[in-house]
Amino acid sequence: MSNKPMDGEEPEIIYIPDEEGNEEEFEVIMRFEVDGSDKKYMMLIPVEAAEQEESDEVYAFRYEEEGDDLQLFTIDDEEEWNIVEETFNTLMDEMGEEEESK
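Predicted model only: the values in this text are computed from it and were never measured.

## Digging into the environment of Tyr41
Then comes step 1: Its location among the elements puts Tyr41 in strand β3 (residues 40-46).
Then comes step 2: In this structure the C-alpha to C-alpha distance between Tyr41 and Ile75, which are 34 residues apart in sequence, comes to 9.6 Å.
Then comes step 3: Residues within four places of Tyr41 in sequence aside, it is in contact with Met30, Arg31, Phe32, Val34, Phe61, Arg62, Tyr63, Ile75, Glu80 and Val84.
Then comes step 4: In this structure the side chain of Tyr41 is engaged in a polar contact, spanning 2.6 Å, whose partner is the side chain of Glu80.

What follows is the structure in structure tokens.
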């Protein structure tokens, strides 16, 4: 399992258009791959929430990269969603344990 927490680095910001075509800013808080799969996932929070330290609103996307081109895909399959959610929670728990041991 690979994960890249964004701690200690400049936050990675991506822009996602809403239904009306307005671009909203999101901060990438984690990227990871699920064991046994070649799929990559990205966890995002709205920049406004990140600035106010309100991280209740977390979005998950499957993504593919080709050079500088990034494509995001919504996760519609319930089984895939459950795997992503479980992986994310496990990684967050591990990161919390690392912080406590410092």
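## Considering the nonpolar core
Then comes step 1: Ranked by size, the top nonpolar core spans 11 residues in total: Met30, Phe32, Val34, Tyr41, Met43, Ala60, Ile75, Val84, Phe88, Leu91 and Met95.
Then comes step 2: Listed by contribution, the elements that provide at least two residues to this core are β2 (23-33), β3 and α2 (78-100).
Then comes step 3: At four residues, the largest contribution of residues to this core is made by α2.
Then comes step 4: Grouped together as the second largest cluster of nonpolar side chains are eight residues, Ile14, Phe26, Leu44 and Phe61 included.

Calculation notes
- Residues numbered from 1 in each chain as written.
- Predicted model: local features only at pLDDT ≥ 70, side-chain atom pairs only at ≥ 80, totals over all residues.
- Heavy atoms only, no water.
- Helix = DSSP H or I, 4+ residues; strand = E, 2+ residues; numbered from the N terminus.
- Contact = heavy atoms within 4.5 Å.
- Polar contact = N/O pair within 3.5 Å; in protein donor to acceptor, adjacent residues only side chain to side chain.
- Core = buried A, V, L, I, M, F, W, Y, C linked by side-chain atoms within 4.5 Å.
- Buried < 20%, exposed > 50% of the residue type's maximum accessible area, 1.4 Å probe, protein only.

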